[in-house]
Amino acid sequence: WISIDTNSKSSFGAQGCRSMLRSVKGYDGSPSTSSPAHSSSKMGRRGSLSTSSSLSSDGSGLVSMLFGLDYRSLAMYRVCVSILLLLDLWVRSRYLHEHYSGLATWPSHLAADEAASFSLHFISGEMPFLYALWIMNAIFVFFMLIGYRTRLFTFLSWMMLASLHTRNGYVLNGGDDFLRCMLFWAMWLPLGARYSVDSTLLGNTPPAQLTSQTSSKYYLSVATVAAMGQFALIYYFTAVLKTGPEWTLDYTAVYYAVYLDQFATRWAILMRGFPALMKLLTVVTIYFEYYGTLLFILPFPSVHGPLRTLGVLGFVAMHAGFGTCLELGFFMYIPSVCATMFLPAWFWDTLVPSILRRPKSVFTVHYNPKVTGLDQALSILRTFFLNNTSLLPMATQEEEENQATHDQTSSSSSSSSSSSSSSFISNRDPSITISLPRGVHVAQDDSEWIEVIEEHTGQRYLGFDGVVQLFRSSRVLFVLVPVMCADFLRHALTLLAPFFLSAAHKVFPSAPMVGPTKRSRAKEAGVLFFFLVVLTWNFASYYQFPIPDTVRFVGLTTRLDQWWGMFAPAPAKVDGWMYYPGILADGTYVNVFEGRGVSGGRGDAKVHIKEDGTPEYSKPDLVSHQFATQRWRKYLMNIQIGSLHYLRLPYGQYLCREWNFYDKFPPNKHLKSYKIVYVTQITPEPDQPWEEPEHVTLWEHVCF
């Protein structure tokens, strides 16, 4: 049932398994006789975790535990960040014309003149080109999601994200910078080493190309330290920049934050009645931003796992609180998703098994190796959905006859080998050891393509019935079982199965792949250089010394430029709401800020018609609901800033075009002129009276 060829010699059955183990680890039934120095030199050439004596060869040393990242956590980050990127693309797709086209609120030619780095979106502002880029971006992120050629598609996803950010930075907030910077470091990490198509295909890699990293829990490199360092820098500098007394003396920062009406949710309005709670949350926030990341690296092995898990959950809870009280868009989720990459092995080995029940059934799947693409399709399904399944190829009639002949000539050798070796390493996943079967199912013909055996009961299922049983046992795929059992669909899937298997074989070839954790000195040096750029940029921004030209060039080119002054030095105390009084061609008064798909607003302002026929606007019930999306909120709040007054003219031209062109309204309803009015109000100190709001005209525009 198995043949191993080494140096023109063939080994069969259990003897072959011993040869395979010997080739992978030098195994010969006794401890390795290689000297430590020799082993260290070999591991260094093959990209081991480290040559430091403080690290064990399987990545379980103290330094690896403190500064390494668990492969499963990296896989979780890959899946979560990919889903987040897809959701972000979907939201952006609703306003591609408004934010990214040549006729957008900030047109392409103005953005290109101002930008310090290149963007693919500068090539053309035509909608067909933008849709093509959007589709490409979604495809790149999808392949990153499933872990196919993970490093390549992580790079392409980061490149497209940086391009979007460069095209229009006026719709971005701190969460976008957070996402972009962390995704940059993720390019250098083995995101596809677990629960991915790449990890499935890695089983075809020759043993000489595998390292001990592929079976360890932690991956340690300069990139893991850089990713952890970037995460810590974000929170450290956002804390040290909070120098106002609202954060350091009277602890009223949360009080002022929940009174920012353009962000405040109904939960924030409710919290305004609990001043003691707001002070407590201010203290917890500032101190956790300072010291929360220390929970990741406390050098106490016995409690390291729970402490790091507590740190991750702490950041998740903190941002969940922010997002509950303030309309922050994806900023609520981005830091939480990025924090998942720091979950320790303890989380997966101890906490998760104690919460999730074990699968009810364990299956062994015998598949016909002659069916093209079947082994790849089953391996991919097992990687993502069927972790309670072992895969074994069926033996063909010819192989069974050859094995019988060989057993007659070498029965004594085979017998002794069987008694000394009872397991082998799975060809599909080197981290899984599968018991040697007493008898391997023999495929009678090519039509017998799969047999599923439930280990607890011994029940056997053949063909399509076996696939249905596997889907029924999955925590995810079980929802498809009622559909699959429909007679017409069952027949259709049976007919289409060869097509899907052939596609799996072509798209996911079984050619050998280089191990995902392969490292090189050049790559490590490059990552270290980029991290030094980030360090220099952050310290230069804080201590106000000039950023060196080289650092500035590299930072802007790679979009590692960053500033973490969220709510610093204190939350804003001036807030307000907007309305756009306009006059139509027939003399009718209108609020241009209404939700007609042209202004980014939803027009919740209350309108009262005075005796002279002119409208009077009052404050909406919930100001934060005035904005169509978080992108529109950020852009329109930028218009309110005096130093960004140059945004008002292109926005005004955009409003006239959108209202008067494209046959949206009849000629007598065309927009003649309008104003952009910002009603400002200063938040008083606690227990102090409120002043009357001031109506400030930011812009007056006449449409031609």
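Residues numbered from 1 in each chain as written. Predicted model: local features only at pLDDT ≥ 70, side-chain atom pairs only at ≥ 80, totals over all residues. Heavy atoms only, no water.

S.K.: Can you lay out the sheet that holds strand β9 (residues 450-454) for me, pointing to particular residues and giving the numbers?
M.R.: Spatially, β6-β5-β9-β10 is the arrangement adopted by the four strands of the open sheet, whose pairing is mixed. The open sheet terminates on both sides in strands that have one partner only, identified here as β6 (389-393) and β10 (460-462). Averaged over all pairs of adjacent strands, the angle between strand axes in this sheet comes to 20°, irrespective of strand direction. In this sheet, β10 lies alongside β9 in antiparallel orientation, the contact comprising three bridges. Within β10, the residue paired with glutamate 451 across the bridge is leucine 462. The sheet contacts of helix α22 (residues 464-473) involve β5 (363-367), β6, β9 and β10, and relative to β10 the element is tilted by about 120°. (Pairing = 2+ DSSP bridges. Helix = DSSP H or I, 4+ residues; strand = E, 2+ residues; numbered from the N terminus. Axes fitted to C-alpha atoms, helices over the stretch in contact; angles between N-to-C directions. Contact = heavy atoms within 4.5 Å.)

S.K.: Pulling in residues and values, what's your account of the pairing of β5?
M.R.: Burial runs high along β5: five of the five residues are buried. As paired elements, β5 and β6 share five bridges and run parallel to each other. Its bridge partner lying in β6, phenylalanine 363 is registered against threonine 389. Considered for its hand, the β-α-β crossover made up of β5, helix α19 (residues 374-384) and β6 is right-handed. Looking at chain direction, β5 and β9 are connected through five bridges and run antiparallel. Its bridge partner being in β9, valine 365 is matched across the sheet by valine 452. (Buried < 20%, exposed > 50% of the residue type's maximum accessible area, 1.4 Å probe, protein only. Right-handed = clockwise from strand over helix to strand, strands pointing away.)

S.K.: Explain the environment of threonine 224 residue by residue, including any values.
M.R.: You can see threonine 224 is positioned in helix α11 (residues 222-240). Given a relative accessible area of 0%, threonine 224 falls into the buried group. Between the C-alpha atoms of threonine 224 and glycine 68, which are 156 residues apart in sequence, the distance is 5.9 Å. Not counting residues within four places of it along the chain, the set of residues in contact with threonine 224 comprises Phe67, Gly68, Leu69, Leu189 and Tyr219. Only 3.0 Å separates the side chain of threonine 224 from the backbone oxygen of phenylalanine 67, close enough to count as a polar contact. (Polar contact = N/O pair within 3.5 Å; in protein donor to acceptor, adjacent residues only side chain to side chain.)

S.K.: Can you tell me about unusual backbone geometry, naming the residues and giving the values?
M.R.: Of the consecutive residues alanine 568 and proline 569, the connecting peptide bond is found in the cis state with omega at -5°. Phi angles above zero are rare outside glycine, and arginine 559 is one such case at about 55°. By secondary structure assignment, the location of arginine 559 is in the loop between α26 (549-557) and β11 (574-579).

S.K.: Just give me the short version of the nonpolar core, but keep the residues and values in it.
M.R.: Counting 128 residues, the largest nonpolar core has Tyr77, Phe231, Tyr635, Leu636 and Tyr651 as its most contacted members. The element best represented in this core is α11, accounting for ten residues. Counting residues in each nonpolar core, the second largest holds 20 residues, with Val365, Val452, Phe464 and Val481 among its members. (Core = buried A, V, L, I, M, F, W, Y, C linked by side-chain atoms within 4.5 Å.)

S.K.: Would you mind going over the state of the cysteines in detail, with residue names and values included?
M.R.: Going through the model one piece at a time under the given rule, you end up with one disulfide. For cysteine 656, the disulfide goes to cysteine 703, at an S-S distance of 1.9 Å. Negative torsions about the S-S bond denote left-handed disulfides, and the value of about -70° found for cysteine 656 with cysteine 703 makes this one left-handed. Remark: cysteine 703 occurs in the segment after β17 (694-702) and cysteine 656 occurs in helix α28 (residues 648-660); sequence separation between them is 47 residues. (Disulfide = S-S within 2.5 Å.)

S.K.: Kindly report on the packing of aromatic side chains, identifying the contributing residues and their values.
M.R.: The final tally for this structure, using the stated rule, is 51 aromatic pairs. A ring pair is formed by tyrosine 651 and tyrosine 654, whose centres lie 6.2 Å apart and whose planes are at 20°; its orientation type is stacked. Here the residue tyrosine 651 and the residue tyrosine 654 both occupy positions in helix α28, the gap between them amounting to three residues, near one helical turn. Taken as a pair, tyrosine 651 and tyrosine 654 share a single burial class, namely buried. Through a chain of ring-to-ring contacts, the aromatic side chains of Tyr95, Tyr580, Phe593, Phe627, Trp632, Tyr635, Tyr651 and Tyr654 assemble into a single cluster. (Phe/Tyr/Trp six-rings, centres within 6.5 Å; stacked < 30°, edge-to-face > 60°.)

S.K.: Give me helix α9 (residues 174-186): which residues, what numbers.
M.R.: Look at α9: 18 Å from first C-alpha to last across 13 residues, which is about the 18 Å you get at 1.5 Å a residue. Summarising burial for α9: 13 of the 13 residues are buried, a large majority. Residue asparagine 173 occupies the N-cap position of α9, its side-chain oxygen lying 3.0 Å from the main-chain nitrogen of glycine 175. (Expected span 1.5 Å × (residues − 1).)

S.K.: Explain the environment of serine 101 to me, and be specific about the residues and the numbers.
M.R.: Position of serine 101 relative to the elements: it lies in the loop between α5 (96-100) and α6 (108-114). We classify serine 101 as buried; its relative accessible area is 2%. For serine 101 and phenylalanine 129, which are 28 residues apart along the polypeptide, the C-alpha to C-alpha distance reads 9.5 Å. Discounting chain neighbours no more than four positions away, the residues touching serine 101 are Leu96, Pro107, Ser108, Gly125, Met127, Leu130 and Arg167. Within polar-contact distance, the side chain of serine 101 engages the backbone nitrogen of leucine 103 at 3.3 Å.

S.K.: How would you explain the packing of α9 against α11 if you had to name every residue and give the values?
M.R.: Put simply, α9 and α11 touch, their axes get as near as 9 Å, and they point 160° apart. The orientation of α9 with respect to α11, classified from their angle, is roughly antiparallel. Here α9 and α11 pass one another in a crossing that is right-handed. Of the residues in α11, those in contact with Phe178, Cys181, Met182 and Trp185 of α9 are Ala226, Ala227, Gln230, Phe231, Ile234 and Tyr235. In terms of residue class, the contact of α9 with α11 is made up of nine nonpolar, one polar and no charged. (Parallel < 35°, antiparallel > 145°, perpendicular 65-115°, else oblique. Left-handed = near helix turned anticlockwise from the far one by under 90°. Nonpolar A, V, L, I, M, F, W, Y, C, P; charged D, E, K, R; others polar.)

S.K.: How would you explain the pattern of salt bridges if you had to name every residue and give the values?
M.R.: Considering all chains together, one arrives at 16 salt bridges under this definition. Aspartate 261 is paired through a salt bridge with lysine 619; the nearest N and O atoms lie 2.7 Å apart. Of this pair, aspartate 261 sits in the loop between α13 (253-258) and α14 (266-271) while lysine 619 sits in the loop between β15 (615-618) and α27 (630-639), and the two are 358 residues apart along the sequence. Look at aspartate 261 and you get buried, because its relative accessible area is 15%. In this structure, the salt-bridge partner of aspartate 561 is arginine 559, at a minimum N-O distance of 3.0 Å. Note on accessibility: aspartate 561 and arginine 559 belong to one class, buried. If you follow the salt bridges from partner to partner, you end up with Asp70, Arg72, Lys217 and Asp349 in one network. (Salt bridge = Lys/Arg side-chain N within 4 Å of Asp/Glu carboxyl O.)

S.K.: Got a sec to walk through a nonpolar patch on the surface? Specific residues and values, please.
M.R.: Taken together, Trp267, Leu270, Phe274, Leu277, Leu280, Leu281 and Val284 make up a surface patch of nonpolar side chains, about 680 Å² in accessible area. With four residues, the single largest contributor to the nonpolar patch is helix α15 (residues 275-291). In this structure, leucine 280 sits in helix α15. (Patch = residues over 30% accessible without salt bridge, like charges linked within 9 Å, V, L, I, M, F, W, Y side chains within 5 Å. Areas by Shrake-Rupley, 256 points an atom, 1.4 Å probe, with all protein chains shown as cover.)

S.K.: Go over α22 with me, naming the residues and quoting the values.
M.R.: Counting buried positions over the ten residues of α22 gives seven, a clear majority of the element. Of the residues making up α22, those classed as buried are Phe464, Gly466, Val467, Val468, Gln469, Leu470 and Phe471.

S.K.: How would you explain the packing of α11 against α15 if you had to name every residue and give the values?
M.R.: Where α11 meets α15, the axes come as close as 7 Å, and the angle between the chain directions of the two elements is 135°. Overall, the two elements α11 and α15 adopt an arrangement that is oblique. For the pair α11 and α15, the crossing hand works out as left-handed. Facing Tyr235, Tyr236, Thr238, Ala239 and Val240 of α11, the residues of α15 in contact are Ile286, Glu289 and Tyr290. Broken down by class, the residue content of the contact of α11 with α15 amounts to six nonpolar, one polar and one charged.

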